[in-house]
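Reading the structure
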Amino acid sequence: MLYEDARKALLKCVLRLCQKGLVQFNSGNISVRVSEEHLVITPTGISYDEMSEEDLVVIDLNGSLVEGKHKPSSETPMHATIYKNIHDVKAVAHTHSPYALAFATVGKSIPVISTEGLAVRGPIPVADYACPGTAAQGWAAIKAMKGPPPVMGTLLKNHGVLVTGGNLSHAYSIACRIEMAAKVFFLALQIGEPDILTDDQIKEIRSVYLRK
Ligand SMILES: [Zn+2]
């Protein structure tokens, strides 16, 4: 079986996302770049609580099957488009986390109102609508993440969340922080009009964090 360590790490990441309620049953999908031309990705149609390392699928950057007994995720064209066009991305997580998805359905981006909001290094944008399961969804996400400012994740209009990372645990933590940022923003809106951190305040916070 190819890429056993990557399979192990990917399954662990999926199960953690599942425990956190960011993905459920077989919604969402995760992938990791394992070589210049290969990715490991979750399969389509298998519930996460029944998934094993052998169920994960190895594909190339065109989405063609390299090794696996199942079909790769239905969102393979989106993942492949991201890896092909943003070369430093090593992991991609796509969730349907509920607070973030709610903002994605109304097309409202999430401003930086607390440190949680720095999850993607700036306001969390909303990508233009594209049909789920298409490369167009990947292109819409790339356009949204380009900024300015360039960010590491985006809401997918009427669909969910897309996160890129330098590795799986990086993508996992960004996905968690996006959901927390969405939840905090939602709660703040019930109380009043939240103050949005200015660019200078964000710069200062980042300089303090980076020093540590
Ligand atoms: Zn989806």
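Structure shown above.
The structure displayed is predicted, hence computed values, not measured ones.

Strand order in this open sheet of eight strands is E4-E3-E2-E1-E5-E8-E7-E6, and the pairing throughout is mixed. Here the strands that pair on one side only, and so sit at the sheet edges, are strand E4 (65-67) and strand E6 (126-127). Judged from the two bridges that link them, E6 and strand E7 (residues 153-156) form a sheet pairing that is parallel. Paired with Ala127 across the two strands is Leu156, which belongs to E7. With respect to the sheet, helix H4 (residues 135-146) is in contact with E6, E7 and strand E8 (160-165), its orientation differing from that of E7 by roughly 130°.

As a further point, take helix H3 (residues 98-106). Helical geometry note: an α-helix holds 3.6 residues per turn, so side chains three or four residues apart project in the same direction. Listed as buried for H3 are Ala100, Phe103 and Ala104. Projected onto a plane normal to the axis of H3, the buried residues spread over an arc of 105° and lie on a single side. On the buried face of H3, the contacting elements are E6, E7, E8 and helix H5 (168-191). Taken from the residues just after H3, Gly107 is the one with a positive phi, measuring 70°.

What counts and what doesn't
- Residues numbered from 1 in each chain as written.
- Predicted model: local features only at pLDDT ≥ 70, side-chain atom pairs only at ≥ 80, totals over all residues.
- Heavy atoms only, no water.
- Pairing = 2+ DSSP bridges.
- Helix = DSSP H or I, 4+ residues; strand = E, 2+ residues; numbered from the N terminus.
- Contact = heavy atoms within 4.5 Å.
- Axes fitted to C-alpha atoms, helices over the stretch in contact; angles between N-to-C directions.
- Buried < 20%, exposed > 50% of the residue type's maximum accessible area, 1.4 Å probe, protein only.
- Arc of directions from axis to C-beta.

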